[in-house]
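Tertiary structure, described
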Amino acid sequence: MELSTGEAYGLMEQVAALGRPAPIFVITGGDPFERPDLFKLISRGKRLGLTIAVSPSGTAALKREAIQELLDRGVTSISLSLDGSTPQVHDDFRGVEGTFERTIAAWQIAREIGLKVQINTTVTAGNVADLPNVAALVKEHGAMTWSAFLLVPMGRGSRLDAPTSSETEDILNFLYDVGTVIPTRTTEGHHFRRVVIQRDRLASSGTDHVDSLGLGSLYLDLRQKAGALGLISADRVRRAPMNVNAGSGFVFISHTGEVQPSGFLDVSAGNVRDKTLAEIYRESEVFVGVRDHRRLVGRCGRCEYNKVCGGSRSRAYAATGDMWAEDPLCLYEPGSQ
């Protein structure tokens, strides 16, 4: 049974008690609008001093009046999923006709009324060629962040075709390039931090990154498209990605109160109905373990970047059943760059 309104209030109080600055409290789903107490929860969080964000689905509930009330109640930002630059690509991916148009309309409304917007894009083999066009929409409409989600083979993601590890390197380097024009980050793509360090180092020494990193034809194609769309600038510096990882500065709490290091790492560390969130985050074996880089094995265990990257524990667990295994979507050989 999902957390009641009273239990949700108590959870918010626990989050606020974690310290200052108060954590960002993201209400996600499913669709948050399915909860009849959504606006009450937002108001309570605002009174507690929390920064509230909402991640709505592109449904018919996403209307101007609802978006305006999010702002009026105290929401500072929303995140929207955009998995293609056209209705055909996005709606085919989502499996629901009309979600593209509703998402674009909600994005425009949010920007008009002063809500910050994060755009999330799931990267698959089917939409990777469209990424520059999605980035162009982000530049056109404006967003505080564009986050590229690298697939974790669980749930619906297990039925989608992910790019190969080699293609992923090309994609991450493309994200680095367009990060000079739009703010880019990744979800479950922690090795993006390693790519940023590599690219900054190569740029400072004047070394060609394509040859040095062995980037492929996908990168060259994405970069060419991005350049033609005005998405690469030699005069601006990209923002460094935040070092926030599963269980390290991030907690996922399910609708039933189960606490996980990530929504994509299907390992429960406890339930807020039984223990406090602070106790689970600071003392549980799962959270303490996932923050201990000494427990990493395989290439992640040997990697000189593991303290700033650590690999996707979610992907490692989904692929092998061992959350400390190497990230199968990273091809980097430790010590080679």
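**Quick notes on the packing of aromatic side chains**
For the structure on display, the rule yields five aromatic pairs. A centroid spacing of 6.5 Å and a plane angle of 85° characterise the contact between Trp146 and Phe174, whose relative ring orientation is edge-to-face. Taken together, the positions of Trp146 in strand S5 (residues 145-150) and Phe174 in helix H7 (residues 165-178) put the pair 28 residues apart, joining distant regions of the chain. Take Trp146 and Phe174: they sit in the same class, and that class is buried. Summarising the aromatic geometry, the rings of Phe149 and Phe264 are spaced 4.8 Å apart at their centres and angled 25° between planes, so their arrangement reads as stacked. Here Phe149, found in strand S5, pairs with Phe264, found in the loop between strand S8 (259-260) and helix H11 (277-283); they are 115 residues apart in sequence, far enough to count as distant. The buried category is assigned to Phe149, whose relative accessible area is 13%. Residue classification places Phe264 among the partly exposed positions, given a relative accessible area of 30%. One residue, Arg291, lies across the ring of Tyr281, its end atom 4.6 Å from the ring centre.

**Notes on the state of the cysteines**
For the coordinates displayed, the defined rule picks out zero disulfides. As a non-bridged cysteine, Cys303 has Cys309 as the owner of its nearest cysteine sulfur, 6.5 Å distant. Cys330 takes part in no disulfide bond, and the closest cysteine sulfur, belonging to Cys309, lies 6.1 Å away. Since its relative accessible area comes to 12%, Cys330 is described here as buried.

Rules behind the numbers
Residues numbered from 1 in each chain as written. Predicted model: local features only at pLDDT ≥ 70, side-chain atom pairs only at ≥ 80, totals over all residues. Heavy atoms only, no water. Phe/Tyr/Trp six-rings, centres within 6.5 Å; stacked < 30°, edge-to-face > 60°. Helix = DSSP H or I, 4+ residues; strand = E, 2+ residues; numbered from the N terminus. Buried < 20%, exposed > 50% of the residue type's maximum accessible area, 1.4 Å probe, protein only. Lys NZ or Arg CZ within 6 Å of the ring centre and 35° of its normal. Disulfide = S-S within 2.5 Å.

By themselves, these figures tell us nothing about what the structure is for.
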